[in-house]
Amino acid sequence: MLELDNVWKSFETKQGMKQVLRGANARIRRGEHVGILGRNGAGKSTLLKIIAGVERPTVGKVRCTMRMSWPLGGSFGIQTSLTGAANARFIARVYGTPVRETEEFVEDFSELGHYFREPVKTYSSGMTSRLMMALSFSVDFDCYLVDETLSTGDARFADKCRAVFDMRRANAGILMVSHNPLHVKKYCNSAAILRNGMLEFYEDVDEAITAYQGL
């Protein structure tokens, strides 16, 4: 289970302190597919980073008993001075997956060719995204965090990512943040709206979409 208990997050800006989250609360159970809708700048990515442990809340607590992924498609956790292969071995050791099998999976899925043995800092942004997606799918997580969309790379690679994601979500939970209701409707069976730094939950996705579109 994932629980957010009165989570606040603020950032220092040139104009002073900016409050992004203002007492967000949530309880998401294992196997649930939950979408969080919010306009650009509402704090969706910040919320996902806090859930993933990339950011700490200013106030409040996050409790999680599930093995949670990092936000899919992001570059969180990649060591750019290491090769793609070394990053794969590192992830395998952190999450307790077979090192050789994990490295082989990431090499095959990422389609990086000889660059897989080169430092990540020499990669293009598209190559880094392919490596990160391959690393994300090399671990069977209890819940996958998705920021906006799974599209990365060319259309063929994006289709491959979506196909693997569809297989994984059959046995895992999803927490997806998006400003696009179509993404949430496709992948989720319940939804919330992030508005004014707080979460409003709806059991019915269509009801959530209607409320969101009425903002």
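None of these values were measured; they are calculated from a predicted model.

1. Focus on helix α4 (residues 125-137)
End to end, α4 covers 19 Å across 13 residues, agreeing with the expected 18 Å (1.5 Å per residue, within 8%). Extensive coverage of α4 is indicated by the burial of eleven of its 13 residues. Buried-residue contacts for α4 involve α2 (84-95), α3 (99-110), β5 (143-147) and α5 (155-169).

2. A closer look at the sheet that holds strand β3 (residues 33-37)
An order of β5-β6-β3-β7-β8 is seen for the five strands of this open sheet, with the pairing classed as mixed. The sheet is open, and its two borders are formed by β5 and β8 (198-202), each paired with just one other strand. Sheet twist, expressed as the mean angle between neighbouring strand axes with direction ignored, is 20°. Bridge analysis of strand β7 (residues 190-195) against β8 gives five bridges, and the strand direction is antiparallel. Bridge assignment links Arg-195 to a residue of β8, and that residue is Met-198. Of the strands in this sheet, β3, β5, β6 (173-178), β7 and β8 touch helix α1 (residues 44-52), which is tilted by about 155° from β5.

3. Focus on the pairing of β3
The buried fraction of β3 amounts to five of the five residues, a majority that puts the element mostly inside the structure. Along β3, one buried face is formed by His-33, Gly-35 and Leu-37 and the opposite face, lined by Val-34 and Ile-36, is buried too. Two elements, β3 and β6, share five bridges in a ladder whose sense is parallel. In the sheet register, Val-34 faces β6, and the bridge partner there is Leu-175.

4. Here's the deal with the packing of aromatic side chains
For the coordinates displayed, the defined rule picks out ten aromatic pairs. An angle of 65° between the planes, with centres 5.7 Å apart, marks the rings of Phe-109 and Phe-137 as edge-to-face. Of the two residues, Phe-109 sits in helix α3 while Phe-137 sits in helix α4, which places them 28 residues apart along the sequence. Across the pair, Phe-137 and Phe-109 agree in class, each one buried. Taking 6.5 Å as the distance between ring centres and 90° as the angle between the ring planes, the aromatic pair formed by Tyr-115 and Tyr-123 counts as edge-to-face. Tyr-115 gets classed as partly exposed once you look at its relative accessible area, which sits at 34%. Ring pairs connect the aromatic residues Trp-70, Tyr-95, Phe-141, Tyr-144, Phe-165 and Tyr-187, which therefore count as one cluster. Its end group placed over the ring of Phe-157, Arg-130 keeps NZ or CZ at 6.0 Å from the ring centre.

5. With respect to the side chain of Ser-10
One can find Ser-10 in strand β1 (residues 2-13). Classification of Ser-10 by relative accessible area gives buried; the value is 14%. Ignoring anything within four residues of it in the chain, the contact list for Ser-10 reads Met-17, Lys-18, Gln-19 and Thr-58.

6. Regarding the domain arrangement of the protein chain
For the protein chain, the domain assignment lists domain 1 (2-69 + 174-214) and domain 2 (84-142 + 153-172). The C-alpha-based centres of domain 1 and domain 2 are spaced at 26 Å. At the junction of the two partners, domain 1 supplies ten residues and domain 2 supplies ten residues. Summing both sides of the interface, domain 1 and domain 2 together bury roughly 960 Å²; the carbon and sulfur share of this comes to 53%. Inspection of the domain 1/domain 2 interface yields one salt bridge. As a salt-bridge pair, Arg-30 and Asp-142 come within 3.1 Å of each other at their nearest N and O atoms. Taken together, the connections running from domain 1 to domain 2 amount to six residue pairs in polar contact (both at pLDDT 80 or more). Looking at the side of domain 1 that touches domain 2, its residues break down into four nonpolar, three polar and three charged.

Definitions and limits used
Residues numbered from 1 in each chain as written. Predicted model: local features only at pLDDT ≥ 70, side-chain atom pairs only at ≥ 80, totals over all residues. Heavy atoms only, no water. Helix = DSSP H or I, 4+ residues; strand = E, 2+ residues; numbered from the N terminus. Expected span 1.5 Å × (residues − 1). Buried < 20%, exposed > 50% of the residue type's maximum accessible area, 1.4 Å probe, protein only. Contact = heavy atoms within 4.5 Å. Pairing = 2+ DSSP bridges. Axes fitted to C-alpha atoms, helices over the stretch in contact; angles between N-to-C directions. Phe/Tyr/Trp six-rings, centres within 6.5 Å; stacked < 30°, edge-to-face > 60°. Lys NZ or Arg CZ within 6 Å of the ring centre and 35° of its normal. Domains from an automatic or database assignment. Buried area = accessible area lost by both parts, 1.4 Å probe. Salt bridge = Lys/Arg side-chain N within 4 Å of Asp/Glu carboxyl O. Polar contact = N/O pair within 3.5 Å; in protein donor to acceptor, adjacent residues only side chain to side chain. Nonpolar A, V, L, I, M, F, W, Y, C, P; charged D, E, K, R; others polar.

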